[in-house]
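Single-letter residue listing:
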Amino acid sequence: MLLQPVILSGGSGTRLWPLSREKHPKQLLALIGEETMLQATATRVRDFSGAVGVAERMIVVCNEEYRFITAEQLRVAGFNNCSLLLEPTGRNTAPALTLAALAAVTSDNDAVLLVMPADHVINDKQGFHQAIQDGLQQAIDGAMVTFGIVPDRPETGYGYIQTGDVLPGQAVRELQAFVEKPVLEVAQQYLDGGRHLWNSGIFMMRATTWLKAIQHFHPAMHEACKLAMDKASIDSDFVRVDKEAFLSCPSDSIDYAVMEKLAKDQDLHIPGYVVPFNAGWSDVGAWDAVWQVSDKDENGNTAHGDVLLEDSRNCLVISDSRLVACLGLEDVIVVETPDAVLVTNKANTQNIKRVVTRLKDENYTQTDNHRKVYRPWGHYDSVDSGEHFQVKRIVVKPGGRLSMQMHHHRAEHWIVVSGTALVTRGEEVMTLVANQSTYIPLGVKHRLENPGETDLELIEVQSGTYLGEDDIVRFDDIYGRVAG
């Protein structure tokens, strides 16, 4: 039997705007340290040495929209053998886990699933490993195990787990109930009583245990997910679940769909247990939480990037592209990106969703993507635009190859800054190096690729009547894309 890591990499992290965007959510950001949150989650169990071994092939459930950057981040972190289950749309965590359990049963018979959200922080890795070991035997024996965080304050932003008796000689408690986010007075009672833990959203159980429970409590969900996996297509490390089947799946969380029902159900006979642990955990749900878990200077400030702080205290200031100077501020969040700046008091960070909702309603592009957009071949940055023109800085990684394509409404000029470009223009194929350029007329098939061993960087100037990314007709693409 193996411990099978399962990373649930969904969600948009709207309260962490403007760094977190709909197509570049918070788990793909390096909010704490050098690693992105996805990478930190993956490496967290890399050297676990418990009673069972860790499966070599990690299962990651993510949205199809950011499959390439997810795969690339895992590759950079040293995980070249992942199974990425692609959801055509979000259906919350219970269907995501059901897909993973079906995949695990197929590939590893009946592994113990360690289910982790991709966007949490755990500072004490060894403490987390000990918590896994504490609950492992219960999971092997067929129980549902969840992990509860020992609270250090009356927090109103987290759900709670009510625990029962401690198992004799073990660090495991009986699961009694899941409790919604409380008001402050109730949260203080939970803290004082000592029987309530924060709900971490981390779970452990055998794959067959979860499938038995979801079939019992949510047969329609089980049926939709099974059909979606049965009709899935395999594309390298990507498992594309069937869209039509998955769209029919009900949406629900692990907590609501199964965990809350365990203690009340008399027929299923699956026990529920809680492992308490205190390992520097945070769900980093908003900017005040980022400030709480970050290193601070002598004035309580956290700064990332080109930041100058003068006479300021207890602030979080992030600069992505330029100097940010702060004078006389206290308890303030400042987040600067090339196309948007957020300034708010720490007490208001839970309300950033309102800003994002308004931006969506008013059709601002800053809710979807950053100015720098990642593609499987590299990335591009829209550095300037105006009526009938747009300027992009394009970086193609070694071996990267854009699709063979054409545009109905724009022509393009390419100027190589560094590296080597292999350009197909109609029937002509040419090699360009630094300070050389070419012109792609409107309506002509073309392709750009990097045959070299270093990044290819070029400037693209687009001109035409329409410059949207949907003006791409693809004829051939090694990444299996149809549009975008």
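Just above sits the structure.
Here the structure is a predicted model, which is why all the values come from computation and not from measurement. (Residues numbered from 1 in each chain as written. Predicted model: local features only at pLDDT ≥ 70, side-chain atom pairs only at ≥ 80, totals over all residues. Heavy atoms only, no water.)

Colleague: Run through empty space enclosed by the protein, naming residues and quoting values.
Modeller: A complete count under the given rule lists three cavities of 30 Å³ or more for this structure. For the largest cavity, the calculated volume is near 220 Å³. Around the largest cavity sit 22 residues that line it, and Trp-377, Leu-402, Gln-405, Glu-469 and Ile-472 are the ones nearest its centre. Looking at the lining of the largest cavity, the elements that each hand over two or more residues are β23 (389-396), β25 (410-418), β29 (446-449) and β30 (456-464). Counted by class, the lining of the largest cavity contains seven nonpolar, six polar and nine charged residues. One number sums up the size of the second largest cavity: a volume of about 50 Å³. Along its surface, the second largest cavity is lined by Ser-12, Gly-13, Thr-14, Trp-17, Ser-20, Arg-21, Glu-22, Val-356, Lys-360 and Thr-367. Considered class by class, the residues forming the lining of the second largest cavity number two nonpolar, five polar and three charged. (1 Å grid on protein atoms, 1.4 Å probe; cavity = no way out; pocket = protein on both sides within 12 Å on 5 of 7 lines; lining within 4 Å. Points joined across faces, edges and corners; volume = space filled by probe spheres on them. Helix = DSSP H or I, 4+ residues; strand = E, 2+ residues; numbered from the N terminus. Nonpolar A, V, L, I, M, F, W, Y, C, P; charged D, E, K, R; others polar.)

Colleague: Summarise the pattern of salt bridges; cite the residues concerned and give the values.
Modeller: Any two side chains of opposite charge can pair, given that their charged atoms come close. Taken as a whole, this structure holds 26 salt bridges when the rule is applied. Put simply, Asp-235 and Arg-240 hold a salt bridge, and the shortest N to O gap is 3.3 Å. Given the relative accessible area of 29%, Asp-235 is considered partly exposed. Judged by its relative accessible area of 16%, Arg-240 falls in the buried class. With a closest N to O distance of 2.7 Å, Arg-371 and Asp-381 form a salt bridge. (Salt bridge = Lys/Arg side-chain N within 4 Å of Asp/Glu carboxyl O. Buried < 20%, exposed > 50% of the residue type's maximum accessible area, 1.4 Å probe, protein only.)

Colleague: Before we move on, could you go through the packing of helix α6 (residues 207-217) against helix α7 (residues 219-230) and cite the residues and values that matter?
Modeller: Relative to each other, α6 and α7 sit at 125°, their axes nearing to 5 Å. Considering their axes alone, α6 and α7 lie oblique with respect to each other. Seen from α6, the contacting residues are Leu-211, Ile-214, Gln-215, His-216 and Phe-217; seen from α7, they are Pro-219, Met-221 and His-222. Among the residues forming the contact of α6 with α7, the class breakdown is five nonpolar, three polar and no charged. (Axes fitted to C-alpha atoms, helices over the stretch in contact; angles between N-to-C directions. Parallel < 35°, antiparallel > 145°, perpendicular 65-115°, else oblique. Contact = heavy atoms within 4.5 Å.)

Colleague: A description of the pairing of strand β13 (residues 272-277) should follow, citing residues and the corresponding values.
Modeller: The buried count for β13 comes to five of six residues, which makes it a mostly enclosed element. Examined bridge by bridge, strand β7 (residues 144-149) and β13 share six bridges and lie parallel to one another. In the sheet register, Thr-146 faces β13, and the bridge partner there is Val-274. Across two bridges, the pairing between strand β9 (residues 173-179) and β13 is antiparallel. Within β13, the position partnered with Arg-173 by the bridge is Val-274. (Pairing = 2+ DSSP bridges.)

Colleague: Report on the environment of Met-144, specifying residues and quantitative values.
Modeller: Tracing the sequence through the fold places Met-144 in strand β7. Between the C-alpha atom of Met-144 and that of Ala-213, which follows or precedes it by 69 residues, the distance is 9.5 Å. Excluding its chain neighbours within four sequence positions, the residues that come into contact with Met-144 are Met-204, Met-205, Thr-209, Trp-210, Ala-213, Val-258, Met-259, Leu-262, Ile-270, Pro-271, Gly-272 and Tyr-273.

Colleague: Please provide a residue-by-residue account of the sheet that holds strand β20 (residues 340-345), values included.
Modeller: If you trace the four strands from one edge of the open sheet to the other, you get β15-β17-β19-β20, paired in mixed fashion. Across the chains shown, the open sheet's two edge strands, defined by having one partner strand only, are β15 (302-304) and β20. Geometrically, the sheet is characterised by an average inter-axis angle of 5° between neighbouring strands, direction not taken into account. In terms of strand pairing, strand β19 (residues 332-337) meets β20 through six bridges, oriented antiparallel. Bridging across to β20, Ile-333 finds its partner in Thr-344.

Colleague: Lay out unusual backbone geometry in plain terms, naming residues and giving numbers.
Modeller: Cis geometry marks the peptide bond from Trp-17 to Pro-18; its omega dihedral reads 15°. Considering the arrangement of structural elements, one finds Pro-18 in the loop between β1 (2-9) and α1 (37-43). Despite not being glycine, Val-284 has its phi angle at roughly 45°, a positive value. Within the chain, Asn-314 stands out as a residue other than glycine whose phi angle is a positive 55°.

Colleague: Kindly report on the environment of Pro-338, identifying the contributing residues and their values.
Modeller: Here Pro-338 lies in the loop between β19 and β20. Sequence separation between Pro-338 and Ser-321 is 17 residues; the distance between their C-alpha atoms is 5.8 Å. The contacts of Pro-338, once residues within four sequence positions are left out, are Asp-320, Ser-321, Arg-322 and Arg-371.

Colleague: Got a sec to walk through the environment of Val-258? Specific residues and values, please.
Modeller: Relative to the assigned elements, Val-258 resides in helix α9 (residues 254-262). Considering only alpha carbons, one finds Val-258 and Val-433, 175 residues apart in sequence, at a separation of 59 Å. The residues contacting Val-258, other than those within four sequence positions of it, are Met-144, Trp-210, Ala-213, Ile-214 and Phe-217.

Colleague: Which residues make up the state of the cysteines, and what are the values?
Modeller: Within this structure, the stated rule accounts for zero disulfides. No disulfide involves Cys-249; its sulfur sits 3.8 Å from that of Cys-225, the nearest cysteine. A disulfide-free cysteine, Cys-326 has its sulfur positioned 6.6 Å from the sulfur of Cys-315, the nearest such atom. (Disulfide = S-S within 2.5 Å.)

Colleague: Hey, could you go over the packing of α6 against α9 for me, with residue numbers and the actual values?
Modeller: Following both chains from N to C, one finds α6 and α9 inclined at 95°, their axes separated by 10 Å at the closest point. The orientation of α6 with respect to α9, classified from their angle, is roughly perpendicular. Here Trp-210, Ala-213, Ile-214 and Phe-217 of α6 come into contact with α9, specifically with Ile-254, Ala-257, Val-258, Lys-261 and Leu-262. Here the contact of α6 with α9 is composed, by residue class, of eight nonpolar, no polar and one charged.

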